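# What the coordinates show
Take a look at the letters that make up each chain.
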Amino acid sequence: MTAQELCGILNSKYGIEEVRKSINSDIETLQAFGVDILQMKGSNSGYYIGQRNFELPELKLLVDVVQSSKFHTREKTAELIRKLKKLTIRFEAEQLQREVYIVNS
């Protein structure tokens, strides 16, 4: 996200009037507390979360396991997958919507 996009979200969702210039110092503070935030410049400029607890292939595996499990309902399966999607960025979360086909189930 760009600094301007961050300001917009802070204002619209949380009512925080953020000055775009203070975003840099806020990002530096988060980095000082250990949040892996990267700043990219160029055509895709903005701030990005670096390291995550789970990488996309790991989340895909977990989604496959949840979908193939016989121990819970469809509703519980959908709920667990929604929670797994929250562990990654929106673009990658779309890739987690998968179908697992089990023979003789």
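Conventions we followed
- Residues numbered from 1 in each chain as written.
- Predicted model: local features only at pLDDT ≥ 70, side-chain atom pairs only at ≥ 80, totals over all residues.
- Heavy atoms only, no water.
- Salt bridge = Lys/Arg side-chain N within 4 Å of Asp/Glu carboxyl O.
- Helix = DSSP H or I, 4+ residues; strand = E, 2+ residues; numbered from the N terminus.
- Buried < 20%, exposed > 50% of the residue type's maximum accessible area, 1.4 Å probe, protein only.
- Pairing = 2+ DSSP bridges.
- Patch = residues over 30% accessible without salt bridge, like charges linked within 9 Å, V, L, I, M, F, W, Y side chains within 5 Å.
- Areas by Shrake-Rupley, 256 points an atom, 1.4 Å probe, with all protein chains shown as cover.

### Examining the pattern of salt bridges
Pairs can form between side chains of opposite charge whenever their charged atoms are close. Under the counting rule described, the total for this entry stands at 2 salt bridges. In this structure, the salt-bridge partner of lysine 76 is glutamate 79, at a minimum N-O distance of 3.7 Å. You can see lysine 76 and its partner glutamate 79 sitting in helix H4 (residues 74-85), 3 residues apart, about one turn around the helix. Residue glutamate 79 is joined to lysine 83 by a salt bridge in which the shortest nitrogen-to-oxygen separation is 3.4 Å. Residue glutamate 79 and its partner lysine 83 are both found in helix H4; the two are separated by 4 residues, about one turn of the helix. Given the relative accessible area of 46%, lysine 83 is considered partly exposed. Counted as one network, the salt bridges with shared partners bring together Lys76, Glu79 and Lys83.

### Some words on the pairing of strand S1 (residues 37-40)
Where S1 lies against strand S2 (residues 46-49), 4 bridges are found, and the strand directions are antiparallel. Residue pairing for S2: methionine 40 is matched across the bridge by glycine 46. Count of turn residues in the S1/S2 antiparallel hairpin: 5 residues, of which glycine 42 carries a positive phi of about 110°.

### Notes on a nonpolar patch on the surface
Together, Met1, Ile9, Tyr14 and Ile16 make up an exposed nonpolar region whose accessible area comes to about 370 Å². Position of isoleucine 16 relative to the elements: it lies in the loop between helix H1 (3-14) and helix H2 (20-32).

### A closer look at the environment of proline 57
Structurally, proline 57 is set in helix H3 (residues 56-68). For proline 57, a relative accessible area of 57% translates into the label exposed. In the structure, proline 57 is positioned 27 residues away from leucine 30 in sequence and 27 Å away in space, judged by C-alpha atoms.

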